[in-house]
Amino acid sequence: MTGVVLSQADRIRIQRRTVGILSFGQVLGGVAFGATVSLGALLAKDISGSDALSGLATASVTLGAALAAIPLARLASTRGRRFALTAGNLLALVGIAIVISAAAVRSFPLLLTGIVLIGMGNAGNLQSRFAATDLADPAHRGRDLSIVVWATTIGGVAGPLLLGAGEQLGRAIGMPVHTGSYLFSLVAQIAAFTLYLVALRPDPLLVSRELPEIASTAGAVERVDRPLAARYAIFAVAGSHVTMASVMAMTPVHLVNMTMAGMDHGSGSMGSHPMADVDVTVLVGVTIALHVAGMYGLSPVFGILADRWGRLRTVLLGQALLVVSLCFAMFAGETAWGVMVALILLGLGWSAATVAGAALLTEASAPALRTRPQGRSDSLMIQSAAGGAVLAGVILQNFSYAGLAIAALVVVVAIVVLSPFGRR
């Protein structure tokens, strides 16, 4: 591409095509990773024979994503987005094959190895939202990023819905128990690999470096790079994510505890407790579904707001939504409706902060250096969520759901207090 001058029309055309390809890839990625999240714990329990060890499956996905986020970002920096995204797909494909083999030979260490590799592939999937910003017009950067984030909804919903059909297919062809849905994951990953390899041309990151206005000269890097704003964006995204993940992870446990308390109370007082007659499975499913809808459903709205109203203002809007969510958890968290409202607002706050924070991080980093802070952001986001989920369990056990909300509120306050660092 060296020496090629793109017209504005060519740039717009390439960007639109890139966003479409990345969005379709996110749908395929959501289908592929939906089975891992849903079935990993079941496989771990079945092979190890221990409920306690089943949680290592989720931990392994998180570990893999955290380990691969920075290396894949560096790979994108040197070889382009297409190379990094397809590398992530290959890691996930190898991981899926290992998981199926582990289930066949009943090897728990082999199972965790496969799940770690699938998690590494998920780190590549996370890069898609940043790839959407490489050629984006600054006036529409938040919108383009949010469209790719929104596409995750389709795959994220479709993946778990295929579990039943996958298990039936697996039984029909003699696959190990709980592995049938990985066939869909395998097909989806192969499709995503082919899509990126064939269709993601020209590479948006490599093309962006050829544009005169963002040429990667030493002088341009010094003038454009704003490390304090970039660090604030990383902190805001990670803090919002750990707030969301910690409360969300403990909500099913809290709902079960509430339901059990309602049954105990109802047995002695003719079912007068508001949770006495609630089907906990349905309640958990509906609450988490509403939460996921809040996370992704309105992301394009927040992307447009970030473009028109400002990145930092939209990040702070996300914090305001998180504060209201945590207040519902504190003061109405012993009712089903209160938990539902809290989780919906929790998802909306996360969406606003994540979309606007990613756009702010991109703009605060020099084009030649952009992939490095993007990789660090993903890695920190994943690691903090894992640590937050562990601490959240301890807090819930000792200080109740309201106590968990108060602890999460501390992180939100820190993001607001440090917001001046996010200004130009």
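Residues numbered from 1 in each chain as written. Predicted model: local features only at pLDDT ≥ 70, side-chain atom pairs only at ≥ 80, totals over all residues. Heavy atoms only, no water.

Participant: Could you clarify how one ought to interpret the overall build of the protein chain in this entry?
Facilitator: Scanning the protein chain from terminus to terminus reveals 16 helices and 0 strands. Sorting the 424 residues of the protein chain into buried and exposed places 53% on the buried side. Put simply, of all contacts in the protein chain between residues at least 6 apart along the chain, 82% involve residues at least 24 apart. About 17800 Å² of surface is accessible on the protein chain, with carbon and sulfur atoms providing 69% of the total. (Helix = DSSP H or I, 4+ residues; strand = E, 2+ residues; numbered from the N terminus. Buried < 20%, exposed > 50% of the residue type's maximum accessible area, 1.4 Å probe, protein only. Contact = heavy atoms within 4.5 Å. Areas by Shrake-Rupley, 256 points an atom, 1.4 Å probe, with all protein chains shown as cover.)

Participant: Where do I start with the nonpolar core in this structure?
Facilitator: A general trend in soluble globular proteins is that nonpolar side chains are found buried together. Membership of the largest hydrophobic core comes to 45 residues, with the highest contact counts inside it found for Tyr232, Val247 and Tyr401. Counting only elements with at least two residues in this core, the list comes to α6 (141-161), α11 (227-269), α12 (280-296), α14 (311-332), α15 (336-364) and α16 (371-417). Counting residues per element, this core draws most heavily on α15, at 12 residues. Excluding anything up to four places from it in sequence, Tyr232 contacts Leu312, Val315, Leu316, Leu360, Ile415, Leu418, Ser419, Phe421 and Gly422. Counting residues in hydrophobic clusters, the runner-up holds 20 residues, among them Ile100, Ala102, Phe108 and Ile118. (Core = buried A, V, L, I, M, F, W, Y, C linked by side-chain atoms within 4.5 Å.)

Participant: Whenever I open this one, a nonpolar patch on the surface confuses me. Can you help?
Facilitator: Among the surface-exposed residues, Leu228, Phe235, Val413, Val417, Leu418 and Phe421 lie close enough to one another that they form a single nonpolar patch of about 520 Å² accessible area. Broken down by secondary-structure element, the contributors of at least two residues to the nonpolar patch are α11 and α16. Positionally, Leu228 belongs in helix α11. (Patch = residues over 30% accessible without salt bridge, like charges linked within 9 Å, V, L, I, M, F, W, Y side chains within 5 Å. Salt bridge = Lys/Arg side-chain N within 4 Å of Asp/Glu carboxyl O.)

Participant: I'm lost on the confidence of the model for the protein chain in this one. Help?
Facilitator: Should the pLDDT be low somewhere, the predicted coordinates at that spot are not to be read in detail. Chain-level statistics for the protein chain give a pLDDT mean of 85 and a share of 88% at 70 or above. No element of the protein chain has a lower mean pLDDT than helix α10 (residues 218-224), at 44, and none a higher one than α14, at 97. pLDDT under 50 marks residues 214-223. Its contacts with residues more than four places away, or in other chains, come to 8 contacts. Here residues 267-272 is a poorly scored stretch, pLDDT under 50, and it has 3 contacts once near neighbours within four places are set aside; other chains count. (pLDDT = per-residue confidence, 0-100.)

Participant: Would you take a moment to explain the packing of aromatic side chains for this structure?
Facilitator: Note on aromatic pairs: each is described by the distance of the centres and the angle between the planes. Following the criterion strictly, the structure yields 2 aromatic pairs and no others. Taking 6.2 Å as the distance between ring centres and 85 degrees as the angle between the ring planes, the aromatic pair formed by Phe328 and Trp337 counts as edge-to-face. Given the relative accessible area of 26%, Phe328 is considered partly exposed. When the ring centre of Phe83 is taken as reference, the NZ or CZ atom of Arg79 above it lies at 4.0 Å. (Phe/Tyr/Trp six-rings, centres within 6.5 Å; stacked < 30°, edge-to-face > 60°. Lys NZ or Arg CZ within 6 Å of the ring centre and 35° of its normal.)

Participant: How do you make sense of the environment of Val61 when you look at a structure like this?
Facilitator: Relative to the helices and strands, Val61 resides in helix α2 (residues 51-79). Overall, the relative accessible area of 17% leaves Val61 in the buried class.

Participant: What am I meant to see in unusual backbone geometry here?
Facilitator: Comment: phi is negative for the bulk of residues other than glycine, and the bulk of peptide bonds are trans. Cis geometry marks the peptide bond from Arg201 to Pro202; its omega dihedral reads 0 degrees. Relative to the helices and strands, Pro202 resides in the loop between α8 (182-199) and α9 (204-208). Within the chain, Ser400 stands out as a residue other than glycine whose phi angle is a positive 75 degrees. Position of Ser400 among the secondary structure elements: in helix α16.

Participant: I tried to follow the pattern of salt bridges on my own but got confused; where do I start?
Facilitator: If the charged atoms of two oppositely charged side chains come close together, the side chains can form a pair. Summed over all chains, the structure comprises 8 salt bridges. Put simply, Arg311 and Glu363 hold a salt bridge, and the shortest N to O gap is 2.5 Å. You can see Arg311 sitting in helix α14 and its partner Glu363 sitting in helix α15, a full 52 residues away along the chain. You can call Glu363 buried: its relative accessible area is 13%. The network of salt bridges with shared partners includes Arg141, Asp307, Arg311 and Glu363.

Participant: Any chance you could explain the side chain of Asn89 here in plain terms?
Facilitator: Its place among the elements puts Asn89 in helix α3 (residues 81-105). On the accessibility criterion, Asn89 (7% relative accessible area) is buried.

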